[in-house]
Amino acid sequence: MAGAAALRRSARRISRHLAAASSFSRSALQQPERLLSSQASPEHGVRGAVSGSELALYPPERVRNFSIIAHVDHGKSTLADRLLELTGTIQKGHGQPQYLDKLQVERERGITVKAQTATMFYRHTTASQDSDAPRYLLNLIDTPGHVDFSYEVSRSLAACQGALLVVDAAQGVQAQTIANFYLAFESNLSIIPVINKIDQPTADPDNVKEQLKRLFDIDPSEALLTSAKTGKGLEQVLPAVIDRIPSPPGKCDSPVRMLLLDSYYDEYKGVICHVAVVDGALRKGDKIASAATGRAYEVLDVGIMHPELTPTGVLYTGQVGYVISGMRSTKEARIGDTLHQAKSTVEPLPGFKPAKHMVFSGLYPADGSDFEALSHAIEKLTCNDASVSVTKETSNALGMGFRCGFLGLLHMDVFHQRLEQEYGAQVISTIPTVPYIFEYGDGSKIQVENPAALASNPGKRVAACWEPTVIATIIIPSEYVGPVIMLCSERRGEQLEYTFIDAQRALLKYRLPLKEIIVDFYNELKGITSGYATFDYEDSEYQQSDLVKLDILLNGQPVDAMATIVHNQKAQRVGKELVEKLKKFIERQMFEITIQAAIGSKIIARETLSAMRKNVLAKCYGGDITRKKKLLEKQKEGKKRMKRVGSVDIPQEAFHELLKVSNSK
Amino acid sequence: MHRLAIPLVSHLPSRKPAPIRRRPQDARRHASSTAATYSSTPPSPSLSPLPPASAYVHLPFCRKRCHYCDFPIVALGSAAPPRGQGADDPRIVDYVRLLLREVAATRPVSDDGVPLETVFFGGGTPSLVPPRLVAAVLDALRGRFGLSACPEVSIEMDPGTFDAARLAELVGVGVNRVSLGVQAFQEDLLRACGRAHGVKEVHEALGILTSCEGLQNWSMDLISSLPNQTQEMWEESLRCTVDARPTHVSVYDLQIEQGTKFGQMYTPGVFPLPSDTESASFYKIASKHLSEAGYNHYEISSYCKPGYECKHNLTYWQNRPFYAFGLGSASYINGVRYSRPKRMKEYAEWVQELEDGRWIHKCRSSDMKDLAMDVVMLSLRTARGLDLQSFSKSFGKSLTLSLCNVFKPFVESGLVIAMDSKRRALPHIDFELDLQNEGDFGSRVAFIRLSDPEGFLLSNELISLAFGIISP
Ligand SMILES: Nc1nc2c(ncn2[C@@H]2O[C@H](COP(=O)(O)OP(=O)(O)OP(=O)(O)O)[C@@H](O)[C@H]2O)c(=O)[nH]1
Ligand SMILES: [Mg+2]
């Protein structure tokens, strides 16, 4: 098993790394004595009052920057709550659980979608309760667990020297545990394994320790056992952070140089940038410049997230905080950019690779007249979620709209929800697609992010098509291996690896076309494994594939917004399913409607919707026409909400429903 | 026992006709107001500042509520003596007293007294109201507004609520048109609807009506698409109807309203209700049978022998003003529609306000768009259809053109019929040609109407399309 060998190889790399990291951290600490207990000691009881001179008390060796990473739902945000409470940064029992999950979508879905940073102050006491015990400035970043947001994790890790790798004591290592471990590992971070939820009756920390050993070569003695629910074991966490994670490297006496981690737009304050100060110090009134744009700004406000914005007037080497500098739009604040002292040239920091857009979809105003409102909402939201790409497009069915690129389907969903909840925009989105490449006989090549843009009858021969693939990691109890292998081969997958991570659980690796996993793969996977499967993927190269454009026609007129690109062998099935779905959701009209799916000029599926028989209100009693009129006006409004192609009115639900059509069943 | 403060009885003998003060233009208007006189063009119905010549009076009492009904009614319960000539139900007496107060407190729109041409007693079951109380209301109307020489005075009656004497009494006080609520000729269907009568009462009532000397004009109500109704049953009902030879028939397609018993029990289009296709076929069958029996299908749900259109209802279809009195009733005066409170207590309070002069018509009079929608909605319900020239005069040529344009595909498919000034159907090509030379549009097309039965059946769709043009 070549894959297993690769895993072992990487595990050796890890163990080397872990050893190096821990020895480094101890030497950097200059406090080698063994710390037996620690205690909550809020240094700054009144939040919002941290002075710059206090920050000066935390040179790099008294600073620790770490992320909390884990598989979905293993308890990152809850652990963050406990650490914030333990340090008095938030008060226990005040505020909602998962304090850092601030967005409405996060609260409703119970997931983190955006990494959040918080600064804590912590007195690292010894057994003697020494009041001179050293104090530390700890910067915590809570990250999302879902695969779509691994970009957020990478970004967060760039500001850290270490990570708490949280693993659910009952569920053990899962797909995103592996993915996130490697992200941290490849960034050369010290990793502290935290086996959480040990209060659960099915918790099996020993088994998890074994998995960690086997998969990542992590020494079982390094694992901390905690329950973020009951508080058990939490007292070990921050001492371990201080002991095992190195302090930020960086030159205190160099001109200021910092990494732009995140930016968002605030109605009152303007653009707010989150930064990690790598070298030097940043003070209010300083002139700074962007390495990417060359533009210079004056620092108007600077401070820390404690956990809310807390002005300090200064940030020192190694510290993480925010800067407000009069940038007009978040477009000026490019995430991953290096900000530095103006009028000096600096080596830009490595930054991070740009977000990769896996899924594209058209976004249109649900109410045709609302284009301006949608445009405004998208502009505002992209200020706070820079990982979405946006270009204008038009459709015959939906009018003016936008083609947006997303990190994944959940990201797309979350983006929609935020548009609706935070900006009041109502949107219709088109069937999500992946970026394909088509090559023609004349050697020309196009990348297709919108199937409608691909000519149905191009008049030239298609020489080859390519589609993006992913490497998927699936972890399942071994009794489900059979059905999962079936599913993956139905989805045109190629098996790369099949190993066992412990006595009960198998790890499968597959190369799968991205298109096959974006819509319903995960749901189906969960369905056939009673919810036990976990799944992660990373993007991989393009592969050649037999692709066709599938058009949907209503009364002979193609509906551009419903076009899709599918694998030739699946065209028939998908076409049939789309046509059936549409028949269900298009309402009868005063004439017959034919619904067809076609490849080029060949019709591959067809349904007819017979004409409406009656829609009459006989009663119009006692001259009281107001009620009838209201009804007719409602009907008129209903028509207005529909989208029209030719003479056919298409209800918005039809577009929503098409999104759910599987690609592969 | 309640004593009436107003001496009702004293009104009874006063049946001398009110003075007729008809102006010449009124005469023209009335001549053209029936659908029978199609060729003359009525004045723009929407904008004429004419005073009302019609009055609707709501008499809300029923023995019990039918399962499909969501009107403002007062159920008296089975204890109420159906034909009691003795003690009047105090609830009815109290209500009529309230009605009379409302009539007395309502100022006639014009001072030079345009008399009422039509009065309609609707319900409820107005035939439950003792004739002398009906007479009292009629007298009050006559006293307040005047009645024309031969007004149309209609009353709704239900089988089992009257005998020959009671009918004669009503005719004696001036009622000259009866609308009989039969609904169906099948015992099971009547019972399932919660009707307070059976088939036997229907035949009795028909006997009484047809043998009443003074009554020449009567109508019958039928409901199609009832639960478990079959095509055979429907055809039987239509046969029985034709056999009874009413001058007018109203055919209502059952609507399932929220909050009614049927609303809880049934879903439209789902068994035991007929499917849309079946219920459309019921509609077509009615149109065919009744037309063959010599009835004109002059409005979506109304049929009549030539010359027997319900003049009162034509007031509605032609968007002319009318008074209304009583619980929940809707009036249309000086361009303003007003619906009275649907609860008795609130209605009584409202009458008090009216008397005290405290009630001010919140003058949210309809704007031009509203008016245009009313005209389109009402006229397209009729066989007469929409008079394009008069519509154009009132609302402008460009709106008229847009309206015709949105109907173009349906003129072609036959749901909408374009007609010339002599009301002859035009081929759709002529309609399109006319539309193309915008300059003198109307050289050929003078009316558009919905076809019978297909266009009528889709009237909601077609009218709401027009709404989308008038008020986008
Ligand atoms: N029993 C038990 N439940 C826990 C513990 N820690 C967290 N939970 C619960 O696990 C669920 C997920 O917790 P979160 O903190 O939102 O998990 P997360 O890792 O931040 O999730 P994502 O951000 O979506 O990846 C919540 O219902 C928590 O209450 C624990 O130690 N014991
Ligand atoms: Mg979380």
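In this text the structure is predicted, and so the values were computed from the model without any measurement. (Residues numbered from 1 in each chain as written. Chains lettered and ligands numbered in written order. Predicted model: local features only at pLDDT ≥ 70, side-chain atom pairs only at ≥ 80, totals over all residues. Heavy atoms only, no water.)

## Remarks on the overall build of chain A
Move 1: Along the backbone of chain A there are 16 helices and 33 strands.
Move 2: Here chain A holds 665 residues, and 59% of them are scored as buried.
Move 3: Summarising the internal contacts of chain A: among those between residues at least 6 apart in sequence, 72% fall at separations of at least 24.
Move 4: When the accessible surface of chain A is summed, it comes to about 26600 Å², and 50% of that surface belongs to carbon and sulfur atoms. (Helix = DSSP H or I, 4+ residues; strand = E, 2+ residues; numbered from the N terminus. Buried < 20%, exposed > 50% of the residue type's maximum accessible area, 1.4 Å probe, protein only. Contact = heavy atoms within 4.5 Å. Areas by Shrake-Rupley, 256 points an atom, 1.4 Å probe, with all protein chains shown as cover.)

## Section: the pairing of strand 8 (residues 270-279) of chain A
Residue and element names in this part refer to chain A.
Move 1: In terms of residue burial, strand 8 counts as a mostly covered element, since nine of its 10 residues are buried.
Move 2: With nine bridges connecting them, strand 7 (residues 257-266) and strand 8 associate as antiparallel partners. The partner of Tyr265 across the bridge, within strand 8, is Val271.
Move 3: The turn linking strand 7 back onto strand 8 is made up of three residues.
Move 4: Across five bridges, the pairing between strand 8 and strand 15 (residues 320-324) is antiparallel. Directly across from His274, in strand 15, lies its bridge partner Tyr322. (Pairing = 2+ DSSP bridges.)

## What to know about the pairing of strand 22 (residues 445-448) of chain A
Residues and elements named next belong to chain A.
Move 1: Inspection of the sheet shows strand 21 (residues 436-440) paired to strand 22 by four bridges, in the antiparallel sense. Counterpart to Phe438 in the pairing with strand 22 is Ile446.
Move 2: Taken together, strand 21 and the strand that follows it, strand 22, pair antiparallel across an intervening segment of four residues, in which Gly443 is found at a positive phi of about 90 degrees.

## Topic: the coordination of the magnesium ion (ligand 2)
Residue and element names in this part refer to chain A.
Move 1: At this site the magnesium ion (ligand 2) is bound by Ser77 (OG) and Thr112 (OG1), with donor distances of 2.0 Å. On the criterion of sequence distance, the pair formed by Ser77 in helix 3 (residues 76-86) and Thr112 in the loop between helix 4 (104-109) and strand 2 (116-123) is long-range, its members being 35 residues apart.
Move 2: Here Ser77 falls in the buried class, since its relative accessible area comes to 8%.
Move 3: Classification of Thr112 by relative accessible area gives buried; the value is 8%. (Donors = N, O, S within 2.8 Å, 3.2 Å for Na, K, Ca; no water.)

## Notes on the site of ligand 1
All names here are of chain A.
Move 1: Around ligand 1 sit 19 residues, and of these Lys76, Ser77, Thr78, Thr112 and Asp199 come closest.
Move 2: Thr78 places a side-chain nitrogen or oxygen 2.5 Å from an oxygen atom of ligand 1.
Move 3: Residue Thr112 places a side-chain N or O atom 2.7 Å away from an oxygen atom belonging to ligand 1.
Move 4: Protein contacts shield 82% of the accessible area of ligand 1, which totals 650 Å² for the unbound molecule.
Move 5: Looking at which element gives the most residues to the shell around ligand 1, the answer is helix 3, with three residues.
Move 6: Its residues assigned to classes, the shell around ligand 1 comprises three nonpolar, 11 polar and five charged. (Near = heavy atom within 4 Å. Polar contact = N/O pair within 3.5 Å; in protein donor to acceptor, adjacent residues only side chain to side chain. Nonpolar A, V, L, I, M, F, W, Y, C, P; charged D, E, K, R; others polar.)

## Section: the sheet that holds strand 11 (residues 296-298) of chain A
Residues and elements named next belong to chain A.
Move 1: The eight strands lie next to each other as 11-10-16-7-8-15-12-13, forming an open sheet whose pairing is antiparallel. The strands lining the two open edges of the sheet, one partner per strand, are strand 11 and strand 13 (309-311). This sheet shows a mean twist of 40 degrees between the axes of neighbouring strands, independent of strand direction. (Axes fitted to C-alpha atoms, helices over the stretch in contact; angles between N-to-C directions.)

## Examining the domain arrangement of chain A
Residues and elements named next belong to chain A.
Move 1: Assigned domains of chain A: these are domain 1 (3-244), domain 2 (359-429), domain 3 (436-545) and domain 4 (548-659).
Move 2: Domain 1 puts 18 residues into the contact, and the matching count from domain 3 is 14 residues.
Move 3: The contact between domain 1 and domain 3 buries some 1300 Å² in all, and 53% of this surface belongs to carbon and sulfur atoms.
Move 4: Broken down residue by residue, the surface that domain 1 buries against domain 3 is led by Val147, Ala175 and Arg214, which jointly contribute 31%.
Move 5: Linking domain 1 with domain 3 are zero salt bridges, by the criterion used here.
Move 6: In terms of residue class, the side of domain 1 that touches domain 3 is built from eight nonpolar, eight polar and two charged. (Domains from an automatic or database assignment. Buried area = accessible area lost by both parts, 1.4 Å probe. Salt bridge = Lys/Arg side-chain N within 4 Å of Asp/Glu carboxyl O.)

## Description of the state of the cysteines
Move 1: Summed over all chains, the structure comprises zero disulfides over all chains.
Move 2: Cysteine Cys252(A) shares no disulfide, and the gap to the nearest cysteine sulfur, in Cys160(A), comes to 18 Å. (Disulfide = S-S within 2.5 Å.)

## Considerations on the interface of chain B and chain A
Move 1: Taken together, the contact between chain B and chain A spans 46 residues of the former and 27 residues of the latter.
Move 2: Our count for the contact surface shared by chain B and chain A stands at six salt bridges.
Move 3: Our count for the chain B to chain A interface comes out at 14 residue pairs in polar contact (both at pLDDT 80 or more).
Move 4: Mapped onto the side of chain B that touches chain A, the elements with two or more residues apiece are strand 4 (116-123), strand 8 (248-253), helix 10 (276-292), helix 11 (311-317), strand 13 (336-339), helix 13 (368-379), helix 17 (454-457) and helix 18 (459-470) of chain B.

## Structural notes on the packing of helix 13 of chain B against helix 14 (residues 388-395) of chain B
All names here are of chain B.
Move 1: Packing of helix 13 against helix 14 leaves a shortest axis separation of 11 Å and a crossing angle of 170 degrees. Considering the angle they form, helix 13 stands roughly antiparallel to helix 14. Contacts between helix 13 and helix 14 pair Met368, Leu371, Ala372, Val375 and Val376 from the former with Phe391, Ser394 and Phe395 from the latter. (Parallel < 35°, antiparallel > 145°, perpendicular 65-115°, else oblique.)

## Focus on helix 16 (residues 428-436) of chain B
Move 1: Looking only at helix 16 of chain B, the buried set comprises Asp430(B), Phe431(B), Glu432(B), Asp434(B) and Leu435(B).
Move 2: Buried residues belonging to helix 16 of chain B abut helix 15 (397-413), strand 15 (416-419) and strand 16 (447-450) of chain B.

## Looking at the environment of Lys636(A)
Move 1: Looking at the element boundaries, Lys636(A) is found in helix 15 (residues 626-641).
Move 2: Of the residues examined, Lys636(A) reaches a relative accessible area of 6% and is grouped as buried.
Move 3: Spatially, the C-alpha atoms of Lys636(A) and Ala80(A) are 52 Å apart, while their sequence positions differ by 556 residues.
Move 4: Apart from residues no more than four positions distant in its own chain, Lys636(A) is found in contact with Ser464(B), Phe467(B), Gly468(B) and Ser471(B).

## Remarks on the environment of Leu349(A)
Residue and element names in this part refer to chain A.
Move 1: Tracing the chain through its elements places Leu349 in the loop between strand 16 (338-341) and strand 17 (359-365).
Move 2: On the basis of relative accessibility, which here comes to 15%, the residue Leu349 falls in the buried class.
Move 3: A sequence separation of 229 residues divides Leu349 from Met120, and the C-alpha atoms of the two residues are 26 Å apart.
Move 4: With near-sequence residues (within four places) excluded, Leu349 lies in contact with Arg257, Met258, Leu259, Val278 and Thr338.

## A closer look at the pattern of salt bridges
Move 1: According to the stated counting rule, one finds 53 salt bridges over all chains in the structure shown.
Move 2: Between Asp539(A) and Lys356(A) there is a salt bridge, and its shortest N-O distance comes to 3.1 Å. Residue Asp539(A) is found in strand 26 (residues 534-544), and its partner Lys356(A) is found in the loop between strand 16 and strand 17; the two are separated by 183 residues along the sequence.
Move 3: Lys345(B) serves as the salt-bridge partner of Glu349(B), at 3.3 Å between the closest nitrogen and oxygen. One end of the pair is Glu349(B) and the other is Lys345(B), both in helix 12 (residues 344-356) and four residues apart, which spans about a single turn.
Move 4: In this structure Glu349(B) comes out as partly exposed when scored by relative accessible area, which is 38%.
Move 5: Within the structure, one salt-bridge network assembled from shared partners comprises Lys114(A), Glu152(A), Arg155(A) and Asp262(A).

## Some details on helix 18 of chain B
Move 1: Here helix 18 of chain B is 12 residues long and its end C-alpha atoms lie 16 Å apart, about the 16 Å a rise of 1.5 Å per residue gives.
Move 2: Among the 12 residues in helix 18 of chain B, 10 count as buried, and that is most of the element.
Move 3: Listed as buried for helix 18 of chain B are Ser459(B), Asn460(B), Glu461(B), Leu462(B), Ile463(B), Ser464(B), Leu465(B), Ala466(B), Phe467(B) and Ile470(B).
Move 4: Of the surrounding secondary structure, the elements contacted by the buried residues of helix 18 of chain B are helix 15 of chain A together with helix 13, helix 15, strand 15, strand 16 and helix 17 of chain B. (Expected span 1.5 Å × (residues − 1).)

## Side note on the confidence of the model for chain B
Move 1: For chain B, per-residue confidence averages 86 on the pLDDT scale, and 86% of positions sit at 70 or higher.
Move 2: On the interface metric, ipTM, the complex scores 0.81, and its pTM is 0.73. (pLDDT = per-residue confidence, 0-100.)

## Topic: unusual backbone geometry
Move 1: The peptide bond linking Phe271(B) to Pro272(B) adopts the cis configuration, its omega dihedral lying at 5 degrees.
Move 2: You can see Pro272(B) is positioned in the loop between helix 9 (261-265) and helix 10.
Move 3: Note the cis peptide between Asp452(B) and Pro453(B), where omega equals 5 degrees.
Move 4: With respect to the helices and strands, Pro453(B) occurs in the loop between strand 16 and helix 17.
Move 5: Phi angles above zero are rare outside glycine, and Arg492(A) is one such case at about 60 degrees.

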